[in-house]
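Working through the structure, step by step
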Amino acid sequence: MRAAFREKESGEVDPAEKIEFVPADYFARAPMRDIFEREAPLQVDIGCGEGGFLEAMAVKHPGHNFLGIERLLGRVRKVCRGVVHNKIPNVRVLRIETAYALRYVLPLESVAVAHVLFPDPWPKRHHQPRRLIQDGFMEALHGILADGGELRIKTDDEPYFLWMEKVLAKAKGYERLDWPDDPEYPITDFERRFLAQGLPIYRARLRKV
Ligand SMILES: C[S@@+](CC[C@H](N)C(=O)[O-])C[C@H]1O[C@@H](n2cnc3c(N)ncnc32)[C@H](O)[C@@H]1O
């Protein structure tokens, strides 16, 4: 699985490689201490892309641990290099399909906040089953959220947001929270582009009950 980094000629391990969390066992949930050496509340950025939001959050909240989940190799590499370059101690990245991570890899009841920011909208009807926010996602997420853990979602895509609203309304074990304007919540890389195009941003915040 670990193929993100080339070994240096000296045989030395690229420090960026240490940022990637590669589970020892893909068929058992990882103990938290395998992901982060220190104990701290965990926030996950699901579909973290190139990691701009992840890094900004980690710098703002040094007392929390941050795990990015991303399936694209190039983006995972970029996050790892950025984290090393900026010397951010509280970030790791897991290269995996989110559904699998939630169901089989992440520790149960471990996540204080899950961020799902600008997930791919899959606008064509026959692609909609690929959308991340689905009944099964909400169910699996419930298992890994800690008591009172939160889900925060943002999208620029109105049809997808309407779809999400239906999924969120019937998800069991959550309550909806207000999410007033929060200038401390970093803008993501994709959000910056959407804002520059003048697109509206839709958002939802829920808490596990
Ligand atoms: C539109 S981008 C948004 C990236 C970032 N959150 C932002 O706002 O800048 C969506 C990201 O989610 C990743 N992604 C999509 N589906 C995924 C999945 N099922 N598991 C892991 N990553 C996924 C994509 O590779 C992509 O990097």
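Relevant structure appears above.
The rules we used
- Residues numbered from 1 in each chain as written.
- Predicted model: local features only at pLDDT ≥ 70, side-chain atom pairs only at ≥ 80, totals over all residues.
- Heavy atoms only, no water.
- Salt bridge = Lys/Arg side-chain N within 4 Å of Asp/Glu carboxyl O.
- Helix = DSSP H or I, 4+ residues; strand = E, 2+ residues; numbered from the N terminus.
- Near = heavy atom within 4 Å.
- Polar contact = N/O pair within 3.5 Å; in protein donor to acceptor, adjacent residues only side chain to side chain.
- Pairing = 2+ DSSP bridges.
- Axes fitted to C-alpha atoms, helices over the stretch in contact; angles between N-to-C directions.
- Contact = heavy atoms within 4.5 Å.
- Buried < 20%, exposed > 50% of the residue type's maximum accessible area, 1.4 Å probe, protein only.
- Phe/Tyr/Trp six-rings, centres within 6.5 Å; stacked < 30°, edge-to-face > 60°.
- Lys NZ or Arg CZ within 6 Å of the ring centre and 35° of its normal.
- Expected span 1.5 Å × (residues − 1).
- Arc of directions from axis to C-beta.

1. Quick notes on the pattern of salt bridges
The tally for this structure, following the rule as stated, stands at 11 salt bridges. Where R203 meets D181, a salt bridge forms, and the shortest distance between an N and an O atom there is 2.8 Å. Linking R203 in strand β7 (residues 202-208) with D181 in the loop between β6 (174-177) and α7 (189-196), this pair joins segments that are 22 residues apart in sequence. The network of salt bridges with shared partners includes E150, R152 and R205.

2. Notes on the site of the ligand
As a structural note, the neighbourhood of the ligand is formed by 17 residues, with E70, R75, E97, T98 and T188 the closest of them. Contact distances for the ligand include 2.8 Å between a nitrogen atom and a backbone N or O atom of G47. Within the backbone of R71, an N or O atom sits 3.3 Å from a nitrogen atom of the ligand.

3. Let's talk about the sheet that holds β6
The 7 strands are arranged β3-β2-β1-β4-β5-β7-β6 in an open sheet whose pairing can be described as mixed. Each edge of the open sheet is held by one strand with a lone partner, namely β3 (91-95) and β6. The sheet shows a mean angle of 20° between the axes of neighbouring strands, direction not considered. Bridge analysis of strand β2 (residues 65-70) against β3 gives 5 bridges, and the strand direction is parallel. When the bridges of β3 are listed, G68 appears paired with V93. Most of the contacts of helix α3 (residues 73-85) go to β3, to which it runs at about 165°, and overall it touches β2 and β3.

4. Examining unusual backbone geometry
For residues other than glycine, phi is negative in most cases, and the peptide bonds are mostly trans. Phi is positive for K87, which is not a glycine, with a value near 50°. Checked against the element boundaries, K87 lands in the loop between α3 and β3. Exposure remark for K87: the relative accessible area of 71% places this residue in the exposed category. One non-glycine residue with positive phi stands out, namely E109, at about 50°. The topology assignment puts E109 in the loop between α4 (98-105) and β4 (111-117). Judged by relative accessible area, which is 54%, E109 ranks as exposed.

5. Topic: the packing of aromatic side chains
Going through the model one piece at a time under the given rule, you end up with 6 aromatic pairs. Ring geometry for F161 and Y202: centres 5.3 Å apart, planes at 25°, overall stacked. Remark: Y202 occurs in strand β7 and F161 occurs in helix α6 (residues 158-170); sequence separation between them is 41 residues. Taken together, the aromatic side chains of F53, W179 and Y185 make up a single cluster linked through ring pairs. Looking at R131, its charged tip hangs above the ring of W163, at a distance of 4.8 Å from the centre.

6. Looking at α3
Taking 1.5 Å per residue as the helical rise, α3 with its 13 residues ought to reach 18 Å, and the 18 Å between its terminal C-alpha atoms agrees with that figure. Taken residue by residue, α3 has V76, V79, C80, G82 and V83 as its buried positions. The arc that holds every buried residue of α3, seen down its axis, measures 165°, which confines them to one face. Buried residues along α3 sit in contact with α2 (52-60), β2 and β3. Just downstream of α3 lies K87, where phi reads positive at about 50°.

7. Here's the deal with the pairing of β7
Among the 7 residues in β7, 5 count as buried, and that is most of the element. Two strands pair when backbone bridges link them, and strand β5 (residues 145-155) and β7 are joined in this way by 6 bridges, in the antiparallel orientation. Of the residues in β7, the one forming a bridge with K154 is R203. Examined bridge by bridge, β6 and β7 share 4 bridges and lie antiparallel to one another. Across the sheet, residue L177 finds its bridge partner in β7, namely R205.

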